[in-house]
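Listed here are the chains, written in short residue letters.
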Amino acid sequence: MLDLWYKSAVIYCVDVEIFMDGNGDGIGDFEGLSGRIDYLAGLGINCIWLMPFYPTPNRDNGYDVTDYYSVDPRLGTLGDFVEFMRKAANHGIRVIVDLVINHTSTEHPWFKAACQDKNSKYHDYYVWSEEKPADAEEGIIFPGYQESTWTYSEEAGAYYFHRFYEHQADLNIGNPQLREELYKIMGFWLELGVSGFRVDAAPFLIELKGIEHTADEEDPYQYLGDIREFLSWRRGDAIILAEANVSLDKLPKYFGDGDRMQMLFGFIVNQQLMLSLARESAAPLIKGLKALPQIPNTGQWAQFVRNHDELSLDKLSESEQTEILSAFDQNKEDVWIYDRGLRRRFPPLVDGDPRRMRLAYSLMFSLPGTPVLLSGEEIGMGDDLSQKQREAIRTPMQWSSEPNGGFSTAASDQLIRPVIDEGQYGYTELNVLSQRRDPDSLLNWMERLIRMRKECSEFGWGQWEIIETDNPSVFAHRCDWQGKTVVAVHNLAKDPCSVTLPLSQEGDRSTHWLDLLADQRYQSIRQSESPIELEGYGYRWLRISHSKEPE
Ligand code: NOJ
Ligand code: CA
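Residues numbered from 1 in each chain as written. Chains lettered and ligands numbered in written order. Predicted model: local features only at pLDDT ≥ 70, side-chain atom pairs only at ≥ 80, totals over all residues. Heavy atoms only, no water.

Attention shifts here to the side chain of Ser530. Residue position: Ser530 is located in the loop between strand S21 (509-518) and strand S22 (532-534). Not counting residues within four places of it along the chain, the set of residues in contact with Ser530 comprises Val499, Thr500 and Ile525. (Helix = DSSP H or I, 4+ residues; strand = E, 2+ residues; numbered from the N terminus. Contact = heavy atoms within 4.5 Å.)

All right, on to the side chain of Ser366 then. Inspection of the secondary structure puts Ser366 in helix H13 (residues 354-366). For Ser366, the side chain forms a polar contact with the main-chain oxygen of Ser362, separated by 2.9 Å. If near-sequence neighbours (up to four positions away) are discounted, Ser366 is found in contact with Phe459, His477, Ala488, His490 and Trp541. (Polar contact = N/O pair within 3.5 Å; in protein donor to acceptor, adjacent residues only side chain to side chain.)

Our focus in this paragraph is the layout of surface pockets. By rolling a water-sized probe across the atoms, one finds the places where empty space is left. Approximately 600 Å³ is the volume attributed to the largest pocket. Considering the residues around the largest pocket, the lining is formed by 33 residues, among which Ile141, Phe164, Phe204, Glu243 and Asn245 are closest to the centre. Of the residues assigned to the lining of the largest pocket, the class counts are 14 nonpolar, 6 polar and 13 charged. Computed from the structure, the second largest pocket encloses a volume of approximately 480 Å³. If you go around the second largest pocket, you meet 20 residues; those closest to its centre are Gln294, Ile295, Gly462, Gln463 and Trp464. When contributions to the lining of the second largest pocket are tallied by element, the ones reaching two or more residues are strand S12 (300-304), helix H16 (457-461), strand S17 (463-467) and strand S18 (474-481). A per-element tally of the lining of the second largest pocket places H16 first, with 3 residues. Broken down by class, the residue content of the lining of the second largest pocket amounts to 10 nonpolar, 8 polar and 2 charged. (1 Å grid on protein atoms, 1.4 Å probe; cavity = no way out; pocket = protein on both sides within 12 Å on 5 of 7 lines; lining within 4 Å. Points joined across faces, edges and corners; volume = space filled by probe spheres on them. Nonpolar A, V, L, I, M, F, W, Y, C, P; charged D, E, K, R; others polar.)

Applying the stated criterion across every chain yields a total of 42 aromatic pairs. Judged by centre distance (6.0 Å) and plane angle (90 degrees), the ring pair of Trp5 and Tyr6 falls under edge-to-face. The residues Trp5 and Tyr6 share a single accessibility class, namely buried. Seen from their ring centres, Trp110 and Tyr122 are 6.4 Å apart, and the 10 degrees between their planes marks the pair as stacked. Residue Trp110 is located in helix H4 (residues 109-116), and its partner Tyr122 is located in the loop between H4 and strand S5 (128-129); the two are separated by 12 residues in the primary sequence. Residue classification places Trp110 among the buried positions, given a relative accessible area of 7%. Joined through ring pairs, the aromatic side chains of Phe30, Phe53, Tyr54, Tyr69, Phe81, Phe84, Phe188 and Trp189 make up one cluster. Above the plane of the ring of Trp399 lies Arg36, whose end atom (NZ or CZ) is 4.4 Å from the centre. For Arg179, the ring lying beneath its charged end belongs to Tyr223, and the centroid distance is 4.0 Å. (Phe/Tyr/Trp six-rings, centres within 6.5 Å; stacked < 30°, edge-to-face > 60°. Buried < 20%, exposed > 50% of the residue type's maximum accessible area, 1.4 Å probe, protein only. Lys NZ or Arg CZ within 6 Å of the ring centre and 35° of its normal.)

Once that is clear, we can look at the pattern of salt bridges. Under the definition given, this model contains 28 salt bridges. Close ionic contact of Glu17 with Arg74 constitutes a salt bridge, the shortest N to O distance being 3.0 Å. Within this pair, whereas Glu17 is found in the loop between strand S1 (11-14) and helix H1 (30-35), its partner Arg74 is found in the loop between strand S2 (47-50) and helix H3 (78-90), the two being separated by 57 residues in sequence. By relative accessible area, Glu17 is classed as buried at 2%. Given the relative accessible area of 26%, Arg74 is considered partly exposed. One salt bridge in this structure joins Arg543 and Glu458, with 2.9 Å as the shortest N-O distance. With Arg543 in strand S23 (residues 539-548) and Glu458 in helix H16, this residue pair connects regions lying 85 residues apart in the sequence. For Glu458, a relative accessible area of 1% puts it in the buried group. Each of Glu17, Asp72, Arg74, Lys388, Glu391 and Arg417 takes part in one network of salt bridges that share partners. (Salt bridge = Lys/Arg side-chain N within 4 Å of Asp/Glu carboxyl O.)

Quick look at the structure:
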């Protein structure tokens, strides 16, 4: 059987600079992260996704790279990286790293050389125009913070294209020399032991805007196949997890026939999940899941509640967006960003209600695919709206009630970003250490959730099917794999309810229900026809097995 390890993975996303400061200078680093691998192993995750840790002027949280072959000196050295990799491997934890090759920082030596000399080989690494293109104000990714997609370089005497901020110049993937360089970057990190890449901004990477005379003009998606081919030649079990928040019709192109990206984030399902949670109705989530295309056997969705960016609601209608804002009682002025999303973590949306938080994570962990956690989610961290843009949700990890939340021994004003120190999400109230000591904490619950998820391969590997119920607030689905079945039932509403699932037509066999995970102890289910009780915001994971009726 194919070793599709990523179908059994629980991925944990780490931003090194805010995770743990090992040398006391106020900035998280590899030394600090390495010291916390035991913690992560104990939590049960088995794959770390490292956000960009490369040298950078850090004007977009490291998504503005100046050297692809090194480690940001603030975070450590390549030696520290290798030590970290070894320690992770010793704990059976794989590592995937962010690959930011749609653009470089404008401070990257390639871009500097490109501007200085039009005859330099680096000039054609980027996308240029003598005149400002007429559509320069269209397709802006950060409205309110970005004015154009073409900016004039005095030095080069031409406009360069940048899909994102003006300090992030887009690379020209039409240039074969550049492509070779990008393969070399992948090869480099693969040699250092990574199990794959989270490919940043995949739809823009393959965008041919401003690029002329390219061999792949016909089918830019083919480039994804080329990347995959290179990856698989170098390391057979390596994967690509692509960030592609695109419309439904485009999704299949990213998977190809199993010869392109193995994993894609479930952006559409995430947005419908948010609408379902806001509306306390299963319908949006059902709609989102039903709309998904069939994907190849080797393909997989990466499911998440929140990521390190804004909570994008761009695929919802304006009235649905407004509905979410008002259901979660959010003041648009404080939280709405880039005309499409919320710069908030999840717990503040539900006012830290433990039932609703657990409901959301129980759902996410049981949806078909592989769960991805953002660090801090396991303890229910909040956000700091006084920080600019998305930095609101990028505050340092809260380890303990010690100064700076145990993140760093530096003076507080030396920290890369302030730790949340007030209110219900402040580090004295909310931190890893105190949650470790409390058996009912979110952290301990999350550990149990992860353990159970790993014991239910059906969710990651199986065929899934939505089970129709007579209660619009209840989302029920089953996953079948290798003759085994798990069923998950979630009550999205605040009132308790009971539902009967139409699972009894299993011929002459009787069905046994085994409770695997639930928000509380429930009466066990004796017969398929028995109603399934659910508390308000309650959930139950059940394994069903069949045995022949005695003759
Ligand atoms: C997507 C990343 O998640 C985001 O943080 C970044 O700003 C853009 N890509 C540009 O790299
Ligand atoms: Ca440090």
